[in-house]
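# Chain and residue survey
Okay, here's what each chain looks like letter by letter:
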Amino acid sequence: MGFSAEFGDGTPPPRAVLRRFASLLEPASPAGLEAMAAQAQALTRKHFGQTMRLFAPLYLSNECVNNCAYCGFSRDNPILRVTLSVDEVEAEARHLAGQGFRSVLLVAGEHPRFVSEGYVEECLARLRPFIPSLHLELGPMESAPYRPLVTAGAEGLVVYQETYHREAYAELHTAGPKRNFDWRLDCAERAYAAGFRRLGVGALFGLAPWKEEALRLAWHVDHLLRHCWKAFITVSLPRLRPAAGAFAPRHPFGDRELVQTLLALRLCFPQIGLVLSTREPAGLRDGVIPLGITHLSAGSHTEPGGYTGAGADAVRQRGKGPATPMADTNGHANGGCARTNATEQFHIADERPPAEMAARLRSMGLDPVWKDWETTLLVEGS
C-alpha cells in the first residue's frame, strides 16, 4: 500500500512514535529544550559517530513546466533559463571534485523537453568515474524509468512533498504534472522499488501551519521506515528563501521551532539522516550542527552553471510565452559576446566555501566526510 492510500485525509494514525513526536513539538521551557538537545546529540554520536557527510547540489536545468507559486523556477516567472550540456555538467562536477566533494546531488526543474531520462543517464555515466556518490532531485517518475538511472550510477533520490496540506498544495500548484498530490506522495516508494538505496524526503516550511506539516512529515518517515526498510532515509526541513516571484511565507516557522522539530525527529527516529542546507544562516547552522545533523551542503549554487559559469552563452529569458535571447550592453545576442548567468532557484544564506566549512566542523570535533561510499566495494553476487 502506497503512502497516499494510508494518508487519506491527512489524519495521522495513533501510532506510539507519532504520539511521542507530537508531544515533543509542544511548547518547551529552555531547560526542556536543552534536555532534548543533549539527548539528540548523544543519539547522533551513538549512531553516526563524529562524522558529517558533505555534499553539493549541481543544477542541470532551471526549465520547468510547473507553476508553483513559491518557486523561482515556476513556469510563468520571466527568468533567465538554461539547460547545461553534458560537457558543461562534467565541468561543474570537476570543479566540485576539485573542492573535495565526492557526493553530489543533481537537481533539475521538470521539463521533459529539456531533461529526459537519456540526458540524465548520460550525465550520470560521465560523472560516475570521479563522483562515486550521485543523487537525483528530479520530477517524479514511474519505477521503470528510474531503473536505468540506478544502473547508470544514481544511488539516491530526493523528493520533497513541499506541503502535506492537500488544500494548500492544490492552491499553490496551478499547472503542470506536479499538481497531482498523491503521485508525488508515492514517489519515494516507486524509487525504492526501482533500486535506490537512499531516499530523501521533506517539507518546505512556510506554506502551511508548521506543526501539522511536521507531524505529517514524521508520519511519512515512519511509513518509509516500515515499508522501505532496506533504504537509508534522510529528512530535510527547508524554509522558504527569497526567489523570483517574491512569494512570501504564509506561516511562520522560526528558529526555535526549526530546532525543536529537528530534535524531535532525532529522538523519535534515531537512525535517519538529518540534512541542513545553505538555506540557513551560518550562525544557526553552527549552533544546530552538533545536535543531530548528519548531512551538510556547503558552498552551494542553486542555478545551472553557478560554479563555473557554464552555459552562460545559451541563457534565454523564458516565462509565459516564447523564449527571448539575452543581449549584452552592445545589443549583441548570446551568439555574440554576452555571458549571463541563469537565474537561481533561491538565494542561499550561508556562503562559506567548502574548505572553511570543513575547518569549522573540525573545530567542533566533527570529521567532515566527503564520501562514504565506494563502488568498488560492490561485489557481484554479494
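Residues numbered from 1 in each chain as written. Predicted model: local features only at pLDDT ≥ 70, side-chain atom pairs only at ≥ 80, totals over all residues. Heavy atoms only, no water.

It is worth spelling out the side chain of Thr 234 at this point. Position of Thr 234 among the secondary structure elements: in strand S9 (residues 232-236). Setting aside residues no more than four positions away along its own chain, Thr 234 makes contact with Leu 199, Gly 200, Val 201, Gly 273, Val 275 and His 295. (Helix = DSSP H or I, 4+ residues; strand = E, 2+ residues; numbered from the N terminus. Contact = heavy atoms within 4.5 Å.)

With respect to the helices and strands, Arg 266 occurs in helix H11 (residues 255-268). Exposure remark for Arg 266: the relative accessible area of 0% places this residue in the buried category. Separated by 3.0 Å, the side chains of Arg 266 and Thr 44 make a polar contact. At 2.9 Å, the side chain of Arg 266 and the backbone oxygen of Ile 272 are in polar contact. Not counting chain neighbours up to four residues away, the residues in contact with Arg 266 comprise Ala 40, Leu 43, Thr 44, Phe 48, Gln 271, Ile 272, Leu 274, Gly 292 and Thr 294. (Buried < 20%, exposed > 50% of the residue type's maximum accessible area, 1.4 Å probe, protein only. Polar contact = N/O pair within 3.5 Å; in protein donor to acceptor, adjacent residues only side chain to side chain.)

Here we come to helix H5 (residues 117-127). Regarding H5, the residues found buried are Tyr 119, Val 120, Cys 123, Leu 124 and Leu 127. One face of H5 carries all of its buried residues, which in axial projection span an arc of 135°. Tucked into the core, H5 has its buried residues touching strand S1 (51-61), helix H4 (86-98), strand S4 (103-108), strand S5 (133-137), helix H6 (143-152) and strand S6 (154-158). (Arc of directions from axis to C-beta.)

Another point: the packing of helix H2 (residues 16-24) against helix H10 (residues 210-227). The angle between the axes and the distance between the axes are what describe a pair of packed helices. It is at 10 Å that the axes of H2 and H10 come closest, and there the two elements cross at 150°. With respect to each other, H2 and H10 are oriented roughly antiparallel. Like other packed secondary-structure pairs, H2 and H10 cross with a definite hand, here right-handed. Mapping the contact onto sequence places Val 17, Leu 18, Phe 21 and Ala 22 in H2 and Ala 214, Leu 215, Ala 218, Trp 219 and Asp 222 in H10. Tallied by class, the residues present in the contact of H2 with H10 amount to eight nonpolar, no polar and one charged. (Axes fitted to C-alpha atoms, helices over the stretch in contact; angles between N-to-C directions. Parallel < 35°, antiparallel > 145°, perpendicular 65-115°, else oblique. Left-handed = near helix turned anticlockwise from the far one by under 90°. Nonpolar A, V, L, I, M, F, W, Y, C, P; charged D, E, K, R; others polar.)

Now for the pattern of salt bridges. Counted under the stated rule, the structure contains 23 salt bridges. Across the pair Asp 286 and Arg 352 runs a salt bridge, and its minimum N-O distance is 3.1 Å. Taken together, the positions of Asp 286 in helix H12 (residues 282-288) and Arg 352 in the loop between strand S13 (324-325) and helix H13 (354-363) put the pair 66 residues apart, joining distant regions of the chain. Judged by its relative accessible area of 16%, Asp 286 is buried. We classify Arg 352 as buried; its relative accessible area is 13%. One continuous salt-bridge network, built from bridges that share partners, spans Arg 285, Asp 286, Asp 350, Arg 352 and Arg 360. (Salt bridge = Lys/Arg side-chain N within 4 Å of Asp/Glu carboxyl O.)

Bringing the nonpolar core into the picture now. Membership of the largest hydrophobic core comes to 99 residues, with the highest contact counts inside it found for Tyr 119, Leu 124, Leu 136, Tyr 146, Val 235 and Leu 296. Element by element, the count of residues in this core is highest for H11, at eight residues. Counting residues in each nonpolar core, the second largest holds 19 residues, with Cys 68, Tyr 70, Leu 105 and Val 275 among its members. (Core = buried A, V, L, I, M, F, W, Y, C linked by side-chain atoms within 4.5 Å.)

As a further point, take the packing of aromatic side chains. Tallied over the entire structure, the rule returns 13 aromatic pairs. Their ring planes at 90° and their centres at 5.1 Å tell us that Tyr 169 and Phe 181 sit as a pair that is edge-to-face. With Tyr 169 in helix H7 (residues 166-172) and Phe 181 in helix H8 (residues 181-185), this pair connects stretches of sequence that are twelve residues apart. Assessed through its relative accessible area of 1%, Tyr 169 is described here as buried. Ring pairs connect the aromatic residues Phe 3, Phe 7, Tyr 164, Tyr 169, Phe 181 and Trp 219, which therefore count as one cluster. (Phe/Tyr/Trp six-rings, centres within 6.5 Å; stacked < 30°, edge-to-face > 60°.)

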